[in-house]
Amino acid sequence: MRILSGIQPSGVLHIGNYFGMMRPAIALQAEGEALYFIADYHALTSVRDPEALRTNSRRVALDFLACGLDPERATLFRHSDVPQVTELAWILSTVAPMGLLERAHSYKDKLARGVAATVGLFNYPVLMAADILIYDSDVVPVGKDQKQHIEMTRDLAVKMNETFGQIFKLPEARIQPATETVPGIDGQKMSKSYGNNIDIFGDEKETRKRVMSIVTDSTPVEAPKDPERSTIVQLYSLFASKDELANMKEQFKKGGTGYGDFKKELFEKLREYFAPMRKRREEILRDKSYINNVLTKGAKRANEIAEQVMQRVRKAVGLR
Ligand code: ADP
Ligand code: TRP
């Protein structure tokens, strides 16, 4: 089984990225050949500062490794170290129906948030399909927001297979129901671009401030509170044991505890959870060549697979 996923270096990684994509991806590295990449070509649709793109890309690699990506088992590489994906994206775009891309939620959402309507942004799902198909991927661990992109990938693979014969495998999204959409501090989906994020390796003071500013209703301290609709409880459930979670829910229903105290409990759990990863991160940082070595090795392996698949594709469509 081949497992593939990507993450954009468009900012700093948050706990939504961790629970939605990174943790499941790390768990899957024991189940087959895993390939994970830093989607710098994709990030070009929003990042216009070359230094920021380079710095973020290294930081994503560092954070992913600190969280448990094992380079002895999984391949970690930069998207742009496999330029063949842009060639495949072009070929796929020649069969991609306009209507398919026009239905993409993420494109419409981005326009609604004021992102410039570029051809690259519109074409993003085609590049993403190329990312997946070029490695003959079977399984793609992602958060729920990426589901439609995987469906579009399958549509494009079917279209290519119908037109040129059997070239591509049909990949499947792997979405964890319990963590498919992690809420941000405002209760909406956590996202780098919504400013509602809690970062995995954020500065402690800033993280505490963010947790303390989780939006709640104005139920007074002594009154019973509804745990089922609370962002605090939802976030706490990611870190706490079953008993701890049941206990917090009980305290909510009983009344007598203010939201501030629950937030403090959440902050402590969060800090505890990421502490070993923070330590690992410091260790990685001490070895100056570690990340470069991992990425160089990753690029080599990713290139081998991509080049093999591209030879099949070029032959099938009549190039070379
Ligand atoms: P962002 O929305 O912050 O820019 P990305 O689009 O870079 O995040 O997402 C990277 C990965 O993390 C994707 O697989 C995505 O589905 C997952 N992800 C992002 N935000 C969340 C969230 N709030 N809950 C669950 N998964 C998420
Ligand atoms: N579009 C994904 C995101 O914004 C990142 C990504 C790019 C990706 N190519 C991919 C994810 C291929 C999985 C497979 O999060």
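Definitions and cut-offs
- Residues numbered from 1 in each chain as written.
- Chains lettered and ligands numbered in written order.
- Predicted model: local features only at pLDDT ≥ 70, side-chain atom pairs only at ≥ 80, totals over all residues.
- Heavy atoms only, no water.
- Phe/Tyr/Trp six-rings, centres within 6.5 Å; stacked < 30°, edge-to-face > 60°.
- Helix = DSSP H or I, 4+ residues; strand = E, 2+ residues; numbered from the N terminus.
- Buried < 20%, exposed > 50% of the residue type's maximum accessible area, 1.4 Å probe, protein only.
- Lys NZ or Arg CZ within 6 Å of the ring centre and 35° of its normal.
- Axes fitted to C-alpha atoms, helices over the stretch in contact; angles between N-to-C directions.
- Parallel < 35°, antiparallel > 145°, perpendicular 65-115°, else oblique.
- Left-handed = near helix turned anticlockwise from the far one by under 90°.
- Contact = heavy atoms within 4.5 Å.
- Near = heavy atom within 4 Å.
- Polar contact = N/O pair within 3.5 Å; in protein donor to acceptor, adjacent residues only side chain to side chain.
- Areas by Shrake-Rupley, 256 points an atom, 1.4 Å probe, with all protein chains shown as cover.
- Nonpolar A, V, L, I, M, F, W, Y, C, P; charged D, E, K, R; others polar.

**Quick look at the packing of aromatic side chains**
And step 1. One pass over the full model with this rule turns up 14 aromatic pairs.
And step 2. Look at Phe19 and Phe239: their rings are 5.3 Å apart centre to centre, the planes differ by 80 degrees, and that puts the pair in the edge-to-face class. Placement of Phe19 in helix α1 (residues 15-28) and of Phe239 in helix α10 (residues 231-239) is noted, with a sequence separation of 220 residues between them.
And step 3. When its relative accessible area of 1% is taken as the criterion, Phe19 is described as buried.
And step 4. Within the aromatic cluster, the residues linked to one another by ring pairs are Tyr18, Phe19, Phe239, Tyr273 and Phe274.
And step 5. One residue, Lys110, lies across the ring of Tyr124, its end atom 4.8 Å from the ring centre.
And step 6. Stacked on the ring of Tyr259, the Lys or Arg Lys225 has its end atom at 5.7 Å from the ring centre.

**Comments concerning the packing of helix α4 (residues 84-93) against helix α13 (residues 290-317)**
To characterise two packed helices, one gives the angle between the axes of the helices and the distance between these axes.
And step 1. α13 packs onto α4 with a crossing angle of 30 degrees between their chain directions and a minimal axis gap of 10 Å. If you check the angle between α4 and α13, you find them roughly parallel. Between α4 and α13 lies a crossing of left-handed hand. Where α4 approaches α13, its residues Gln84, Glu87, Leu88 and Ile91 are matched on the opposing element by Asn303, Glu307, Met310, Val313, Arg314 and Val317.

**A few points about the site of ligand 1**
And step 1. Ligand 1 sits among 18 residues. The nearest are His14, Gly143, Asp145, Val182 and Lys192.
And step 2. One of the side-chain nitrogen or oxygen atoms of His14 is found 2.7 Å away from an oxygen atom of ligand 1.
And step 3. In this structure, Lys192 approaches ligand 1 through a side-chain N or O atom, which is 2.7 Å from an oxygen atom.
And step 4. Compared with its free state, where it exposes 540 Å², ligand 1 has 93% of that area covered by protein.
And step 5. Here the element with the most residues in the shell around ligand 1 is α1; it accounts for 4 residues.
And step 6. When its residues are assigned to classes, the shell around ligand 1 shows 5 nonpolar, 9 polar and 4 charged.

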